[in-house]
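Observations on the model geometry
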Amino acid sequence: MNSERMQVTGMADIPVFSFVKRALDPLVILGTLFAVTVVQREPFSGHYLVLAIIAFFVAAFLHEQIDAQRHWRSGRLVAFARDIFVGWAMFVGVMVLIGYATGFGYNYAPRVIGWWFLLTPFLLLAAQLGLRSYASGLRRAGQVRKVVIVGINDTGRKLASRIAESPHRMMSVCGFFDDRTGARTEPPPPAPVLDEFDGADTDDDQDEEVAAIAHAPITVLGTMADTAAYVREAGINVIFISQPMTAQPRVRQLLDALQDTTASIYFLPDIYTFDLMQARFDEVGGMPVVAICETPFSGVNSLVKRASDIVIAAAILLLLAPVMLGIAAAVRLTSPGPAIFRQRRYGLNGDDIVVYKFRSMAVCEDGDRVTQASKNDLRVTRLGAVLRRTSLDELPQFINVLLGSMSIVGPRPHAVAHNEQYRRLIKGYMLRHKVKPGITGWAQVNGLRGALDTPDKMDRRVQYDLYYIENWSIWFDLKIVALTVVKGFVHENAY
C-alpha cells in the first residue's frame, strides 16, 4: 500500500506535473491528427510528419501563452471551455497562415484537415477535464502532497494562494513557519483597486476568490527552528523557503536540519517582492542569471509581436488609404502648411524616432519646449479639432508601425520635451520605453487620453503603461485592440 501511495503521489512532483501540463495539449493535437488520417484511410506520409512537427511547436508555444488565461473554478466550465476554443481558433489561424505562406496547404486532404480542426478542441476540453477529474479523485482519496512554507511574506502568501486556487496540482498547504510573530505576520489589508480596472477583468468571481485566498488568515506552525521536527512528524512532502537574502545564516541552519528528512525543498527568491518588470530566470554562457528589468518582447515573443503589427497595420492602411488621402488634401486646402506633421518622440530604449501625424495646428512645435493642446486652443485649426477629437490625426502612425519604430499596442509616445520634464518627476517613467510606443494602449482604453498637464495625471498614465509591460501577452494586446474598437476613437479629453 505504501509503495502504491508513493507511486500515485509521485505524479504530483513539480517537474512531472509541469511536463504533463505542458505536453498534454500538443499530444492531444498530434494524436487527433494521426487518428483522423487512420480513420480517413489517408497515408501518414512525410507531408503529414512535417505538419505534425510544425503543429507540435506551434501548439507548445500557444499553450505557454494561453495556459495562464484558462480560468478553472467550480461552476466555471463555460469560461474554461471558452478559453480552450479561443486558443484553438488561434492555432487554426496560425496553421492556415503558415500553410498559405509556404504553399504546403495543398499537400493535405481537405477532409483530414477539416475533421482535425473540428474534433480537436472537443478532445482538448475532454483531456483537460479528464486530468482534473483524475486529480480530484486522488485528492478525495487523500493522495496529496503536504506542503509547508517557511516565511510569511508577499511571496509566500502568493504561492499559498496559487496552490489553493489550483487543486489539480494535488498539493495542500499545512501552514507557515516564521521567526516573526504577532502583527508582523497578519495578512495585509486588501489593496484599493482603481475604478478604471474594473472593466478589465472578465471573470469577477475568480478575482474575488483569489483575493479572498490571498488575504485569508494563515496558520502559523512555529518558528524556523521548529520546521525540521514538524516535517518529520507530519510527513511533509514539500518545503518552500521564502526568505530574504539577508537571512542566509538562518536558511543555512534550516537546510542543515532538513537533511534528516526526505522532503523536497524549493527556494523562492525574494526578488519578486520588489516592483520588478518581466523578472525571470535566464542563463548566460551556462551561468544562471535573474532578469529584474527586461522587455517582454524577446525571442519568439518579439516575432509574434512584430508579425501581428505588420499584418494589422498593412490591412488598415490598405482599407483606409482613400480616407487618408482625403484627409491629407483637406488639411492642405484648409490651412497653410504640410499635410503631415513630423515630431521627435522617444521610442524603444529611449532612442529618438520621428512620429507622423496629420497636422492639426497652425504651428509645428518640436523643440525643447512643447505646449500641450488645451480646450479651445487657438493653435488648433477647425479641421484639426475634428481630427484630434476623432483620433483621425493618428492614422499616419500606421506607417510608423510598418517601418518598425512603433507598435499597434504600447505606451503612447510623448514629445521629447515632455519626456525630459516628467522623467525627473515620476519614478519609473523611462521604463515605459522598454517597449515600442503604440497607437493605442492600456492607459488609453481606460480613459487616460488627451492633455495630461499635471504630474498626477501623467503618473496615472505611466502606472497603466507599466502594468501593460509587466503583464503583456498576445491576449492582452487583442483585448486592448477590441476595447479600442468597442469604446471608439472619440474622446472628450482630446483637444
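Reference entry: report on the structure contained in this document. (Residues numbered from 1 in each chain as written. Predicted model: local features only at pLDDT ≥ 70, side-chain atom pairs only at ≥ 80, totals over all residues. Heavy atoms only, no water.)

**Side note on the overall build of the protein chain**
- Each helix and strand counted, the protein chain has 16 helices and 11 strands in total.
- Put simply, the protein chain has 495 residues, and 42% of those count as buried.
- Of the roughly 26,300 Å² of accessible surface on the protein chain, a fraction of 62% belongs to carbon and sulfur atoms. (Helix = DSSP H or I, 4+ residues; strand = E, 2+ residues; numbered from the N terminus. Buried < 20%, exposed > 50% of the residue type's maximum accessible area, 1.4 Å probe, protein only. Areas by Shrake-Rupley, 256 points an atom, 1.4 Å probe, with all protein chains shown as cover.)

**Side note on the nonpolar core**
- Of all hydrophobic cores here, the largest spans 36 residues; its most connected members are Phe358, Phe398, Trp442, Tyr468 and Ile480.
- Ranked by size, the runner-up nonpolar core spans 29 residues in total, among them Val28, Tyr48, Trp116 and Leu124. (Core = buried A, V, L, I, M, F, W, Y, C linked by side-chain atoms within 4.5 Å.)

**Examining the pattern of salt bridges**
- Tallied over the full model, the rule gives nine salt bridges.
- Put simply, arginine 111 and glutamate 42 hold a salt bridge, and the shortest N to O gap is 3.1 Å. Linking arginine 111 in helix H5 (residues 110-140) with glutamate 42 in the loop between helix H2 (14-39) and helix H3 (46-66), this pair joins segments that are 69 residues apart in sequence.
- Residue classification places arginine 111 among the partly exposed positions, given a relative accessible area of 41%. (Salt bridge = Lys/Arg side-chain N within 4 Å of Asp/Glu carboxyl O.)

**Brief notes about the sheet that holds strand S2 (residues 171-177)**
- Strand order in this open sheet of five strands is S3-S2-S1-S4-S5, and the pairing throughout is parallel. Two strands in the sheet have a free side with no partner beyond their single neighbour: strand S3 (220-222) and strand S5 (264-267). Put simply, the sheet's adjacent strands are angled 30 degrees from each other on average, direction ignored.
- Of the strands in this sheet, strand S1 (145-150), S2, S3 and strand S4 (238-241) touch helix H8 (residues 227-234), which is tilted by about 170 degrees from S1.
- Along the sheet, helix H9 (residues 248-258) makes contact with S1, S4 and S5, crossing S4 at roughly 170 degrees. (Pairing = 2+ DSSP bridges. Axes fitted to C-alpha atoms, helices over the stretch in contact; angles between N-to-C directions. Contact = heavy atoms within 4.5 Å.)

**Observations regarding the packing of aromatic side chains**
- One pass over the full model with this rule turns up 17 aromatic pairs.
- Ring plane angle 70 degrees and centroid distance 4.9 Å describe the contact between tryptophan 442 and phenylalanine 476, whose orientation is recorded as edge-to-face. You can see tryptophan 442 sitting in helix H14 (residues 442-445) and its partner phenylalanine 476 sitting in helix H16 (residues 474-487), a full 34 residues away along the chain.
- Looking at tryptophan 442, the relative accessible area reads 3%, which means it is buried.
- Judged by its relative accessible area of 8%, phenylalanine 476 is buried.
- Note on tyrosine 467 and phenylalanine 476: the rings are 6.2 Å apart at their centroids and 90 degrees apart in plane angle, and the pair reads as edge-to-face. (Phe/Tyr/Trp six-rings, centres within 6.5 Å; stacked < 30°, edge-to-face > 60°.)

**Quick word on unusual backbone geometry**
- With a phi close to 55 degrees, arginine 41 is a non-glycine residue in the positive phi region.
- Position of arginine 41 among the secondary structure elements: in the loop between H2 and H3.
- Residue classification places arginine 41 among the exposed positions, given a relative accessible area of 77%.

**Focus: the environment of glutamate 294**
- Following the sequence through the fold, glutamate 294 ends up in the loop between strand S7 (287-291) and helix H10 (300-334).
- Here glutamate 294 falls in the partly exposed class, since its relative accessible area comes to 27%.
- Considered as a pair, glutamate 294 and isoleucine 469 are 175 residues apart in the sequence and their alpha carbons are 9.4 Å apart.

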